Amino acid sequence: MERESSDDEEDRLNLIEENERKLPPRSGFQIEDFKSRLPTHRFSLNKRYLFAIFPPLFILLIYFTTDVRNLFSTSISIVKSASDSDSPTDRMRESELRALYLLRQQQLSLFSLWNHTAFPHSPPLLSNSSSNYTFDFSPRQDLFSSPDFEAALLKQISLNKEIQQVLLSSHPSGNLSELVDDNGLLNSGAFSFDTCPKLNQNMSQRPTIEWKPRSDKYLFAICLSGQMSNHLICLEKHMFFAALLNRILVIPSSKFDYEYNRVLDIEHINKCLGRKVVVKFEEFAESKKNRIHIDRVLCYFSLPQPCYVDDEHVRKLKSLGISMGKLEPAWVEDIKKPKKRTAQDVQAKFSSDDDVIAIGDVFYANVEEEWVMQPGGPLAHKCRTLIEPSRLIMLTAQRFVQTFLGKSFTALHFRRHGFLKFCNAKEPSCFFPIPQAAECISRVVERANTPVIYLSTDAADSETGLLQSLVVLNGKLVPLIKRPARNSAEKWDALLYRHGLDGDSQVEAMLDKTICAMASVFIGAPGSTFTEDILRLRRGWGFLSHCDEYLCQGERPNFIADNE
């Protein structure tokens, strides 16, 4: 469950003739004029020959003009239909009638979809009125937005699936496993269709730089803005800065920052690079024999205050036995209006011959944004992503998915606490009334065809209860599943309990992120860095889907309260 405060978090809002006359077929047996086919010489037939020829001809004529099987099975069929009105034939006929009805509904819906959508140079629509086909030359307007058009097409795909299932329900084999796939869809070989395929990110072609630090040069990371998600984004940017400056990155102490080693696999970063590129603060302090001096503290932001560091944080640093020089702004940069900077800009302003330097909070820094945000990040490495949850959290997330969710599920990050005021300060607002949110969620779930939703939220039970009652698909509630409280009878979270990590709010937040990142489809909270960190993991792991989106993306709340 996310425990971020919107008062601290000021992140970005990111965010489908005529019929030919045919001659009657030539009969297999055709009686023609015998005179034209018999030899011309004369001969005589007596009665014995006639008795020998005509009986076989009569039998053949009867055989080819009568359905003998039906002739002898009529009485049996009548008796059977009278005693068993639910015969396979009846079931098949009923299924066919139902399928015809659904096909008619689909036809009418497609006509409506066409009439509400304008395409350049599109031919007139052939409509059906009272069984007489006529051309419709009435003007058509583009009344559908792109999401509406896509939703309408997906609804027709869903209806087509229902038609398939109706037809298959009367299949005489009684076993449809050979006819349908794991999702209940008709097997169609090379023509199978996934409504929410994974994005092809082509990570092998991404631009990267090598991180080859000098063994005696260090960069001390300072991350102070917001909560854990903000700090992780800040840490990722510090790694980019360290690579540009050829320095080893020092992970902050838990006495000054979060206890990163409880939620991250720090050594994983070094393994991915194949060399020592990051070091824990404790290890760094030991190498310096606890006499730590930061030669220069360079500030990326100068406004509203240098390095985004206040006096309290300076005192915390000094309490760790760290001595440091004065804060030095590298340039004039306002945290509320960050300028776009390049890698060359960073190298020009932050390069130094000093052994240990620190760079102030870079969470809001806009340096090579597209490069930093690409799948796998800007650094060359041999892993999917560098900043990953710890192994214990990864295993716990996998066990939770196996226990409660299965391989196909939608994940929803539903941020509510403190978000009303935060969102209403934005234009447009990102805080949606629950009925509107439920409608948006239902559309995504219908498109994704997932049976359950994993809910990561800080909302009150009153809000989640209402949301659950309104998320409906095909007349059925779609279950919203949250992580339950610890129960000794359940073993999915036993690893965290055994290692003393249960009950840690930051561990639980990272567990939520990991489960969401593993989902088939993800719905995020616009403006939340918790959501952005999930998307970072999904990009790196190759799990981004064509159906991933922010909640009610492209819409405005249908009601917005006045500001104070």
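Residues numbered from 1 in each chain as written. Predicted model: local features only at pLDDT ≥ 70, side-chain atom pairs only at ≥ 80, totals over all residues. Heavy atoms only, no water.

### Notes on the nonpolar core
Part 1 of the argument: Core analysis: the biggest nonpolar cluster contains 80 residues, and Trp211 and Leu249 have the highest contact counts within it.
Part 2 of the argument: Looking at this core, the element that brings in the most residues is helix α6 (residues 228–244), giving eleven residues.
Part 3 of the argument: Residue contacts for Leu249: discarding those within four places in its chain leaves Trp211, Leu219, Ala221, Leu235, His238, Met239, Ala242, Val277, Val278 and Val279.
Part 4 of the argument: Counting 25 residues, the second largest nonpolar core, distinct from the first, contains Val444, Ala448, Leu480 and Cys552. (Core = buried A, V, L, I, M, F, W, Y, C linked by side-chain atoms within 4.5 Å. Buried < 20%, exposed > 50% of the residue type's maximum accessible area, 1.4 Å probe, protein only. Helix = DSSP H or I, 4+ residues; strand = E, 2+ residues; numbered from the N terminus. Contact = heavy atoms within 4.5 Å.)

### Points about the environment of Leu511
Part 1 of the argument: By secondary structure assignment, the location of Leu511 is in helix α17 (residues 505–517).
Part 2 of the argument: When the C-alpha atoms of Leu511 and Val263 are compared, they prove to be 8.7 Å apart, with 248 residues separating the residues in sequence.
Part 3 of the argument: Not counting the four nearest positions on each side in its chain, Leu511 is found in contact with Ile393, Thr396, Ala397, Arg483, Trp492 and Leu496.

### Examining the packing of aromatic side chains
Part 1 of the argument: All told, the structure shown has 16 aromatic pairs when counted by the stated rule.
Part 2 of the argument: Geometrically, the ring pair formed by Phe363 and Tyr364 is edge-to-face, given 4.6 Å between the ring centres and 75° between the ring planes. Residue Phe363 shares its accessibility class with Tyr364, and that shared class is buried.
Part 3 of the argument: Ring plane angle 25° and centroid distance 5.1 Å describe the contact between Phe419 and Phe422, whose orientation is recorded as stacked. Separated by three residues within a single helix, Phe419 and Phe422 lie in helix α13 (residues 419–424), roughly one turn from each other. (Phe/Tyr/Trp six-rings, centres within 6.5 Å; stacked < 30°, edge-to-face > 60°.)

### Details of unusual backbone geometry
Trans peptide bonds make up most of the peptide bonds, and negative phi angles are found at most residues other than glycine.
Part 1 of the argument: Between Leu303 and the following residue, Pro304, the backbone shows a cis peptide bond with an omega angle of 5°.
Part 2 of the argument: Look at the link from Glu427 to Pro428: it is a cis peptide, with omega at 0°.
Part 3 of the argument: Among the structural elements, Pro428 can be located in the loop between α13 and α14 (434–448).
Part 4 of the argument: Phi angles above zero are rare outside glycine, and Asn246 is one such case at about 55°.
Part 5 of the argument: Among the secondary structure elements, Asn246 is positioned in the loop between α6 and β4 (248–251).
Part 6 of the argument: When its relative accessible area of 35% is taken as the criterion, Asn246 is described as partly exposed.
Part 7 of the argument: One non-glycine residue, Asn449, adopts positive backbone phi at about 55°.
Part 8 of the argument: Mapped onto the elements of the fold, Asn449 is located in the loop between α14 and β14 (453–457).

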